[in-house]
Amino acid sequence: MTTIAFLGLGQMGSPMASNLLLKGHQLHVFDVSADAVNRLVDKGAVAAKTPGEAAAKADIVITMLPNGDIVRQALMGENGVTETLSPAALVIDMSTIHPLQTDALIDEMQQKGFAMMDAPVGRTSDNAKDGTLLILAGGTPEQVERARSVLMCMGSELVEAGGPGMGIRVKLINNYMSIALNALSGEAAVLCESLGLDLAVAINVMSGTAAGKGHFTTSWPGKVLKGDVSPAFMVDLALKDLRIAVDVAQQTGVPLGMGQVAETYYQSASNSGRGRQDWSALLLDMRQQAGLVETVNK
């Protein structure tokens, strides 16, 4: 049994803390909501009046808070965790915050003599309730191994993200893609409707193509990520088809903002001399724009 301080009992934090109790851990909890604290106390947790009080006897401190400023206040503010925490304890931030804030917090905690890692979660509040979250662990191998049994009380899968601060990075990129793809999918669905196409037909077709499966697992592995940009589908042909879609959307009154932005990327790749390369070579042009050293062949 591990003594855990759990700070932040919101929609995700409360069921996560409950699962730790169910697995037999001793929990000291803090939240600005007295009702949230009382619900956990009824399940066997010990209430704390401050983050520092919660952390006083903790082997592990878990933060699940709304933003980086609040995490910092809980850790290093007045009556914060660092006022009482044992140097032998481990702090795990499971919040979804700015990755550069995560880096700064880990660095500040290290300077104060405390160990800290990040382990944001994937999936939904329903998964938080049944203990099947995806845990994205960013820490040293030793930290991740130390935290594993506690983290797996809240999740069914743990991904080692590659070091401190890498958990929030992979969470951020995953969410970015999912959120942006939701908007692109909306544009495509409305374009289907405006052209009189049954959405069910489109879903059936796109479920078997890169449109539905994504380029990370379809077009990229066999091409650009292997250093092969010989054309299976040329950038210029992709640009032509994209322009047709944007044009027909304009003529039918469909907002296609995502498509218009994508057109600028394909045009840039074409202008850079990649027009007759594989459409996955778009990655190379975007990396060049970002000032990154290429890790795949031209």
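Note: the structure precedes this text.
Keep in mind that this is a model prediction, so the values were computed, not measured.

(A) Structural context of the sheet that holds strand 1 (residues 3-7). Pairing in this open sheet of six strands is parallel, and the strands run 3-2-1-4-5-6 from one edge to the other. Across the chains shown, the open sheet's two edge strands, defined by having one partner strand only, are strand 3 (46-47) and strand 6 (115-118). One ladder, built from five bridges, connects strand 1 with strand 2 (residues 26-30); its direction is parallel. Paired with isoleucine 4 across the bridge in strand 2 is leucine 27. Along the sheet, helix 1 (residues 13-22) contacts strand 1, strand 2 and strand 4 (60-63); its crossing angle with strand 1, the most-contacted strand, is approximately 170 degrees.

(B) Representation of helix 11 (residues 235-252) within the structure. Along its 18 residues, helix 11 runs 26 Å from first to last C-alpha, staying within 8% of the 26 Å computed at 1.5 Å per residue. All of the buried residues in helix 11 are Val235, Ala238, Leu239, Leu242, Val246 and Ala249. Down the axis of helix 11, the buried set is contained in an arc of 100 degrees. They therefore lie on one face. Tucked inside the fold, the buried residues of helix 11 contact helix 8 (166-194) and helix 12 (257-274). One or two residues past the end of helix 11 sits glycine 253, with phi positive at roughly 75 degrees.

(C) The pattern of salt bridges, seen in detail. Applying the stated rule across the entire model yields eight salt bridges. Its salt-bridge partner being glutamate 108, residue arginine 72 comes within 2.5 Å of it at the nearest N-O pair. Placement of arginine 72 in helix 4 (residues 68-76) and of glutamate 108 in helix 5 (residues 99-111) is noted, with a sequence separation of 36 residues between them. Note on glutamate 108: relative accessible area 23%, which makes it partly exposed. When salt bridges with common partners are traced through the structure, they connect Glu145, Arg148 and Glu160 into a single cluster.

Thresholds applied
- Think of each chain on its own: its residues are numbered from 1, step by step along the sequence as written.
- Per-residue local features of the predicted model are confined to residues with pLDDT of at least 70, and side-chain atom pairs are confined, for both listing and counting, to 80 or more; whole-chain, interface and lining totals are unaffected and use all residues.
- Hydrogens are left out, water is left out, and the side-chain values use all remaining heavy atoms of the structure.
- Pairing between two strands is assigned when DSSP locates at least 2 bridges connecting them.
- Each helix corresponds to a stretch of at least 4 residues labelled H or I by DSSP, and each strand to a stretch of at least 2 residues labelled E; elements are numbered beginning at the N terminus.
- Contacts are assigned to residue pairs with any non-hydrogen atoms lying within 4.5 Å of each other.
- Axis definition: a line fit to C-alpha positions, over the contact stretch in the case of helices; interaxial angles, taken between N-to-C directions, run 0 to 180 degrees.
- What a helix is expected to span follows from its residue count: subtract one and scale by 1.5 Å.
- Only protein chains enter the accessibility calculation, which uses a 1.4 Å probe; a residue is then buried when its area is under 20% of its type maximum, exposed when over 50%, and partly exposed in between.
- Note: the arc covers the axis-to-C-beta directions of the helix.
- A pair is scored as a salt bridge if a Lys or Arg side-chain nitrogen falls within 4 Å of a carboxyl oxygen belonging to Asp or Glu.

Treat this as a map of the structure, not an account of what it does.
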